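# Structural overview for review
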Amino acid sequence: MPRLLRTRAALEVLRGGHLRARLRATRDGQAAIRLAQLGAGLSTGLLDALAERPAGTAELAGRCGAADEQLLAAFLRALAAAGVVQQDHDRWALTADGRAVVDDDLVRAAVEAFSGFHTDLYRGMGPLLAGGPRRGDVATSGAVIARVSAAFEPFVLALLTRTAADVQPGRVLDVGCGAGLQLAAVLEAVPGAAGIGIETDAGAAALAQATLAGRGLARRSTVVRADVRQVLDDPTGPLAEPVDLVLLANVVYYVPRGERTPLLADLARCLAPGGRLVVVTTAAGPAAFSRHFDLLLRAQEGAMELPDTGELAGQMRAAGLTGVAVERLAPGAPLVALTGRRG
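A brief structural summary. Predicted model only: the values in this text are computed from it and were never measured.

Rules and cut-offs
Residues numbered from 1 in each chain as written. Predicted model: local features only at pLDDT ≥ 70, side-chain atom pairs only at ≥ 80, totals over all residues. Heavy atoms only, no water. Axes fitted to C-alpha atoms, helices over the stretch in contact; angles between N-to-C directions. Helix = DSSP H or I, 4+ residues; strand = E, 2+ residues; numbered from the N terminus. Parallel < 35°, antiparallel > 145°, perpendicular 65-115°, else oblique. Contact = heavy atoms within 4.5 Å. Nonpolar A, V, L, I, M, F, W, Y, C, P; charged D, E, K, R; others polar. Core = buried A, V, L, I, M, F, W, Y, C linked by side-chain atoms within 4.5 Å. Buried < 20%, exposed > 50% of the residue type's maximum accessible area, 1.4 Å probe, protein only. Phe/Tyr/Trp six-rings, centres within 6.5 Å; stacked < 30°, edge-to-face > 60°. Polar contact = N/O pair within 3.5 Å; in protein donor to acceptor, adjacent residues only side chain to side chain.

### Some remarks on the packing of helix α6 (residues 96–103) against helix α7 (residues 105–114)
- Running from N to C, α6 and α7 point in directions that differ by 85 degrees, and their axes come no closer than 5 Å. Here α6 lies roughly perpendicular to α7, going by the angle between them. On α7, the residues that touch A100, V101, V102 and D103 of α6 are D105, V107 and R108.
- Across the contact of α6 with α7, the residue classes break down as 4 nonpolar, no polar and 3 charged.

Okay, here's the thing in structure tokens:
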């Protein structure tokens with residue numbers, strides 16, 4: 001009889017409402033909870049504490065500043081159900097999945113970003129639509145954004161290495177250099193080149209300096225924390241001499257649409273004859289992440305938005321660049337590169 005009742009209940013569920021939507025809502029909800037659990041595990045320092053060594057609840061409470069041990073124990077049990085931690089008698093330890101969250105910086109950055117500002121955008125959509133204050137994620141989360149962008153680095157680095165081999169630049173400018181990975185790749189591809197990285201965010205600039213120093217490139221590179229427009233206007237600054245290759249990767253969407261052509265023109269003028277300007281960007285389009293990213297940008301302080309590829313190519317030509325070519329970089333992702341030459 002109990003089995004028959006369970007079968008009838010299952011049939012009742014199948015017949016009622018929108019089954020596919022119900023299943024998807026449940027699945028997505030469970031994924032959202034797990035993401036929030038991981039984000040909380042990082043933000044409280046709990047996962048980092050366990051990465052140092054396994055510990056009991058009381059010890060973890062002291063190390064993480066938790067006043068309520070029972071609540072902490074419930075949190076640990078929730079993380080265990082998510083497969084992130086495990087309990088062995090009276091001690092807690094990270095699982096392999098939990099260790100990956102702590103040790104793999106791309107995983108960690110993705111958790112921080114998507115459990116943070118990426119989803120907080122929608123929790124605050126009501127006040128935004130009502131005319132409330134715009135968001136400041138770009139200003140406050142620059143280092144996390146730079147770390148998450150590393151997911152596409154293999155595609156971008158392949159393009160830049162190929163371009164560097166073709167151009168053989170003596171001087172390279174990386175505008176919005178982020179963590180410094182792209183500038184480092186170009187300098188490694190051309191051993192005689194010197195590089196300048198410009199970055200407005202302090203955290204990202206520090207990451208770039210650490211990256212370049214860690215690869216033995218500190219003597220051939222300079223990281224300047226500033227807006228590139230200020231550097232371009234300085235007649236005695238690092239851009240007083242021409243450069244052979246300019247990189248503008250994951251930056252152009254931060255520039256208001258009406259200011260893009262003037263900025264591209266200024267960058268084109270700092271190129272030596274025959275020099276190249278490479279613009280890498282997520283492009284506006286119908287893909288879900290493209291739409292989400294465009295919304296996130298439009299919700300920020302400042303007139304930010306994803307560029308249309310055709311319009312951006314036209315802006316590069318209007319800036320005086322020739323032979324503008326468009327290349328899709330990542331299969332299934334709206335990531336594109338546009339390359340132009342100074343005649």
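Now that the structure has been shown, the text picks up again.
### Comments concerning the nonpolar core
- In this structure, L173, V246, L267 and L277 are the most contacted members of the largest nonpolar core, which totals 33 residues.
- For this core, the element with the highest residue contribution is helix α16 (residues 260–269), accounting for 5 residues.
- C177, A184, L247 and L329 belong to the second-largest nonpolar core, a separate cluster that totals 27 residues.

### Some points on helix α13 (residues 181–189)
- Here α13 has its buried residues at Q182, L183, A184, A185, V186 and L187.
- Contact partners of the buried residues in α13: α12 (153–167), β3 (171–175), β4 (194–199), α14 (202–214), β5 (221–225) and β6 (243–249).

### Section: the packing of aromatic side chains
- Under the definition given, this model contains 3 aromatic pairs.
- Joined through ring pairs, the aromatic side chains of Y253, Y254, F289 and F293 make up one cluster.

### Describing the side chain of H118
- Mapped onto the fold, H118 is located in helix α8 (residues 117–123).
- Among the polar contacts made by the side chain of H118, one reaches the side chain of H292 at a distance of 2.7 Å.
- Beyond its immediate sequence surroundings of up to four residues, H118 is in contact with A113, H292 and L296.

Scope: geometric values only; no functional claims are made or implied.
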